[in-house]
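# Results of the structural survey
Take a look at the letters that make up each chain.
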Amino acid sequence: MSNIEDIVDSLENKISKVLHKLELLKQSNLKLAEELDTSKQENQKQKLQILEWEEKYESLKMANSILGGDENKRETKLKINALIRDIDYCISQLSD
């Protein structure tokens, strides 16, 4: 009988250790999930910031070309022409 009790005690100890490890893994998983959410939010903020800086950069390029910079004159003229076409289209839609 002592042998069976030893086996049962051993199993209880092993089960206890496994349950403890499971709890530690659950806590670790929860912490990692929180870190992932934080990283995703930060990543989204950075993407928005990049878009804002790209828009500012494009505006500065256009302003520079209007002020006399030679590098982007053609691109600016094309954008202005596209804007004029859009305005003409809107006016024609309003006229109808």
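Reading guide: rules and limits
- Residues numbered from 1 in each chain as written.
- Predicted model: local features only at pLDDT ≥ 70, side-chain atom pairs only at ≥ 80, totals over all residues.
- Heavy atoms only, no water.
- Helix = DSSP H or I, 4+ residues; strand = E, 2+ residues; numbered from the N terminus.
- Rg over C-alpha atoms; globule rule 2.2 N^0.38 Å.
- Buried < 20%, exposed > 50% of the residue type's maximum accessible area, 1.4 Å probe, protein only.
- Salt bridge = Lys/Arg side-chain N within 4 Å of Asp/Glu carboxyl O.

## Considering the overall build of the chain
Check the secondary structure of the chain and you find two helices and zero strands. The C-alpha radius of gyration computed for the chain amounts to 33 Å, which surpasses the reference 12 Å derived for 96 residues by more than 25%, pointing to a less compact arrangement than a globule. Dimensions of the chain, computed from the C-alpha atoms along their principal axes, are close to 100 × 40 × 15 Å. Evaluated residue by residue, the chain yields a buried proportion of 5% over its 96 residues.

## Some details on the pattern of salt bridges
For the structure on display, the rule yields two salt bridges. A salt bridge links Glu-58 to Lys-61; the nearest nitrogen and oxygen atoms lie 3.5 Å apart. Within this pair, Glu-58 and its partner Lys-61 are both found in helix α1 (residues 2-66), separated by three residues, close to a single helical turn. Since its relative accessible area comes to 28%, Glu-58 is described here as partly exposed.

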